[in-house]
Each structure stands twice: as structure tokens, then as C-alpha cells.
Amino acid sequence: MSGVRVLVGTRKGAFVLTSDGARKAWEVSGPHFPGWEIYHINGSAADPNRLYASQCSGWFGQLIQRSDDGGVTWAPVGNQFVYEGVAGTHQWYDGTQRPWEFTRVWHLEPSRTDPDTVYAGVQDAALFKSTDGGASWHELAALRQHKTGPDWQPGAGGMCLHTIVLDPTRDQRMFAAISAAGVFRTDDAGETWQPANKGLHSQGIPDGDAEVGHCVHSLAMHPSRPETLFMQKHWDVMRSDDAGDTWQDVGDNLPTDFGFAIDVHAHEPETIYIVPIKSDSEHFPLDGRLRVYRSRTGGNEWEPLTNGLPQRDCYVNVLRDAMAVDSLDDCGIYFGTTGGQVYASNDAGDNWSPIVRDLPAVLSVEVQTLP
Amino acid sequence: MIRVVLPAHLRALAHVDGEVQLDVEGLVTQRTVLDALEAAYPALRGTVRNQTTQQRRPFVRFFACEEDLSHAEPDEALPDPVALGAEPLLIIGAMAGG
């Protein structure tokens, strides 16, 4: 019988949650790497037992852990992330220039076809690649060396490359999102990059329609529609139907269009999910009610999903990498909160229940659908 | 034989309990001890000092013989009791919340 494995990164360790296809009874494994920040864990589509985890701490720096048995055992692999050439400078919060400095890995994106190939999005923003299972890493430096690089500046969480989306139909194309620079696309496997931010408007930068400077929070793509991208921006929920060349706002009738996470239903490319957050200064749900919003029309028309979610006194956040979907039928939706809950829906969002309630603050959630 | 006490997180990473003991060739310094430590426990590379710059990580300190040696030069000889194995080199994670 098929099943799912939910990979949860938290402020104080990693947890692996497993269930059969019914997704009602769960086994919880962890904490793995107790006491360490686990920004992201992700599994290989080419080999579901191959997992990669970003483990870091303010004291002891960055490690990358690898599992070859689905998260039962782990071993550290390479953790040397060196910017290629002269690192250069970017904008700091006060508008001065500051040298690029590696801090941590925010996101790990395994190749869809090769378990030994994996991409890492890091802070200060850059993209690294390993082709030897994480043993060594080299920078795809053309992104950081883009002519707009000196204009990039950190968001509140640092200047991070936090989202990597691989096009399943074109192996040379990928998207990277950086806070606060915006979306960049390559069509030649990272040799060159183009900003993909036309149509974004951000009040927090001097020219609201600038080519770069936008605080994109996350991107989502359905594998059957790689030209269509959905975006949760700092404010605004956006959509592109031309691979990021242009964007349209599809979130205007939401109670608030601020948020971090966004994802797409596994079988319905026009069904998308977000968790609206009150504002940029109040990172919790509006009115203390935790609501997932679903659009079955690719945006513009939204419905709140509340069954099983707390509808009073709830003041958690759902971070950018903390939502994922499985590919079972019905589609399962999962998200984790900064209050340590991981909620799951096994019916495309109609009903929710917590898998766990009391983990450390959840930084990331990924899910693997197992044969 | 040089004795080194690691903080709990690094003991877990290296899969060791208690002190570690290292053979160090030549002059016993921070650098030669850390070289031996990282050779014996590759998982610790980058956790005590930056792999590229070789600089001590800011929230890691080195204590021995009731002295803070964190700001000593990496190639400066460590105190004789450390070199003779009478006292351990303590690698400390700075006390801070979290």
C-alpha cells in the first residue's frame, strides 16, 4: 500500500512523520540532529530513500546531512560553500554595500532524475550545485554575478536564496527566488540568468516596479504546466503564465494577501493554497483564525478552509517552505507552524487535523509519496 | 597524547563520548590540534573554524589551564600541560540562549 513520508525541519531538529495511504495514523521519528536548526529536508524523486538535510547553528555553522535509507540513518557530507571568484558586495539594510558572506543553506532541491545531483540555495544569496551526493559543492556563479547583484538587499530573514523550482520538461530551465531581489530564470542550466519580475509591484522599494528588489516569499509550479508559476510575495499573490516573463495579481479579494507559503494541488493545476498572514509587522493569522485559502481557479476566487484548524486565539506563522502536497488521490496538503503544529488534510484541504502539536517551531515541510 | 573536550553538539556529530585523544606531530598549537581533530573526525570540519579562512567561529572559544586562549595566535604554542596531556584543551560553545 502506498504511503507518505513528511519531512519536517524545525528550530531544534528534524522529524520524519510517516503514514500509510489513508493518512490517518502517523509514526513520528525524531528529533534527528536535536538542538540544531534544520532549515530544510528534501527527498530525491529519483530515489525516495535519498534525503538531504540542511543542519546549522549560530555556534557551529553549516552542515549537510544525507540519508540513503529514508531518514533512518544520516551521515554528514560536504559543507564547504565557497563563492566563486571575488565575492563582491550587495546592499545592506542601511543602503551601504556589504561583502557577500556565506551564512547558511535555506533550501535543498534534488534533481528529478539523479539522486546525486542537488542544488542548494544559500544566504548570502547564491546557488550551489553538487553532482556527487553532497560531497562537494560548486557555485553557479552567474546568478550572484548578475549585473543587478549590487542592488540586492536582505529581507528581514537575511539575504537568502530560498526557492528553487526545476522545470520538469526542460532540464536547462530553473527558477530561483531571492529575498529581496526577486525571481531569476535560467534557460541554460545556470550559465545565464534573467530577472523575471515584470508585473510585480512593491511599496518598500523606491521604484515599486523595479527590475529587482522585490521580496518574493515563495514560488510554486504544477509539473504539468511548467509555464505557469504562482507566487506568494511579501504582499500580493501573483501568477505568471509565461514562465515568469510577466506577472498578474490574483489575490485582491483575500482578507490579506501577505503570507509566505504557496503550493499547488497535485492533480489540479489551477487549485492553489496559501495561508494568509495579517501583515508584514504582525506575522500571525488575521483575527487569530488559522485559515488556509484555496482557489480552484488559479487565483482571484478564494475560499477559506477551516475545518479542524483553530478558529480563535491562534497566533502562529507558516513559513515559506512549510507547506507541501502529496500526490495521492485525494491530494494531501500539509503545513507546519511556528507553534510546532504540523497539520494535514487527506481530502485536498476540506478537513484538517494535526499530525503533531508540540514540535519546535517548524521551518520547513516536504512530503514524499511512497510506492 | 593531546586531550580535547568537545561541546555536546560536536560530540554528537563526531559520535564520541567524553574526551577525545589526539596524536599531534611537532609543536602543539591551536592549528595543529584542530588539524588533528578534523583529520580524525571529518564531520567536524567547518564547525570549530571556517574551512576557507581557518578563523575560529565567533561563538567558539578555547580554554585551557583556567585561561581563555581564544584570542591567541593559531600557531602559538599551547600551555605545556596541554602539550603533555596533563590538561585538556576545552572547546566551548559560547553560553547564549536559544
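As a reminder, the structure under discussion sits directly above these lines.
Keep in mind it's a predicted model, so treat the numbers as computed, not measured.

Engineer: Lay out the overall build of chain A in plain terms, naming residues and giving numbers.
Structural biologist: On a plain count of helices and strands, chain A comes out with zero helices and 30 strands. Expressed along its principal axes, the backbone C-alpha trace of chain A runs to roughly 50 × 45 × 40 Å. A burial count over chain A gives 53% of its 371 residues as buried. A sequence separation of at least 24 residues applies to 50% of the contacts in chain A between residues at least 6 apart.

Engineer: Quick rundown of the overall build of chain B? Include the residues and the values.
Structural biologist: When helices and strands are tallied, chain B shows three helices and five strands. For 98 residues, the compact-globule estimate of 2.2 N^0.38 gives 13 Å, and chain B sits close to it at 12 Å. Principal axes of the C-alpha set define a box for chain B whose edges measure 35 × 25 × 25 Å. Within chain B, buried positions represent 28% of all 98 residues. Long-range contacts, defined as pairs at least 24 residues apart, comprise 53% of the intrachain contacts of chain B with a sequence gap of at least 6.

Engineer: Describe the environment of Gly85 of chain B, naming the residues involved and giving the relevant values.
Structural biologist: All names here are of chain B. As for its position among the elements, Gly85 is in the loop between α3 (80-83) and β5 (89-93). Note: C-alpha distance between Gly85 and Gln21 (64 residues apart in sequence) is 8.9 Å. Discounting chain neighbours no more than four positions away, the residues touching Gly85 are Met1, Ile2 and Arg3.

Engineer: Give me the lowdown on the interface of chain A and chain B, citing residues and values where you can.
Structural biologist: Tallying the contact residues gives 12 residues for chain A and 14 residues for chain B. Its residues assigned to classes, the side of chain A that touches chain B comprises five nonpolar, seven polar and no charged.

Engineer: An account of the sheet that holds strand β4 (residues 37-43) of chain A is requested, with residue identities and associated values reported.
Structural biologist: Strand order in this open sheet of four strands is β4-β5-β6-β7 (chain A), and the pairing throughout is antiparallel. The sheet terminates laterally at β4 and β7 (75-76) of chain A, the two strands that pair on one side only.

Engineer: Quick rundown of unusual backbone geometry? Include the residues and the values.
Structural biologist: Where the residue is not glycine, phi is negative for most of them; where a peptide bond is considered, it is trans in most cases. Residues and elements named next belong to chain A. Each neighbour pair has its own omega, and for Gly30 with Pro31 the value is 0°, a cis peptide bond. Assignment of secondary structure puts Pro31 in strand β3 (residues 27-32). Ser179 connects to Ala180 through a cis peptide bond whose omega is 0°. Look at Asp313: it is not a glycine, yet its phi comes out positive at around 55°. Along the polypeptide, Asp313 turns up in the loop between β25 (303-305) and β26 (323-325). Asp313 gets classed as exposed once you count the C-beta atoms within 10 Å, which come to 8.

Engineer: Outline the pairing of strand β27 (residues 333-336) of chain A, supporting the account with residue identities and numerical values.
Structural biologist: Residue and element names in this part refer to chain A. Covered by surrounding structure in β27 are Ile333 and Phe335 together with Tyr334 and Gly336, the residues of both alternating faces. Summarising the sheet, β26 and β27 pair through three bridges and their orientation is antiparallel. Across the sheet, residue Ala324 finds its bridge partner in β27, namely Tyr334. Judged from the four bridges that link them, β27 and strand β28 (residues 342-345) form a sheet pairing that is antiparallel. Pairing of Ile333 across the sheet is with Ser345, part of β28. Adjacent in sequence and paired antiparallel, β27 and β28 are bridged by five residues, among which Gly340 carries a positive phi angle near 90°.

Cut-offs used in this document
- Every chain is numbered on its own, with residues counted from 1 as its sequence reads.
- Chain letters start at A and ligand numbers start at 1, both assigned in the order the entries are written.
- Owing to the predicted nature of the model, reporting of local features is limited to residues with pLDDT of at least 70; listing and counting of side-chain atom pairs is limited to 80 or more, with chain, interface and lining totals taken over all residues.
- Strands here mean DSSP runs of E at least two residues long; helices mean DSSP runs of H or I at least four residues long; both are numbered from the N terminus.
- The burial criterion counts other C-beta atoms lying within 10 Å of a residue's C-beta, which is placed from the backbone; the residue is buried at 20 or more, exposed at 12 or fewer, and partly exposed between these limits.
- In this description, a residue-residue contact is defined by the distance between C-beta atoms placed from the backbone, which must lie within 7 Å.
- The size measure is the radius of gyration over C-alpha atoms, and the globule rule it meets is 2.2 Å times the number of residues to the 0.38 power.
- Each residue is assigned to one class: nonpolar for Ala, Val, Leu, Ile, Met, Phe, Trp, Tyr, Cys and Pro, charged for Asp, Glu, Lys and Arg, and polar for all the others, Gly among them.
- Pairing between strands requires that DSSP locate at least two bridges from one strand to the other.

Keep in mind these numbers describe shape, not what the thing actually does.
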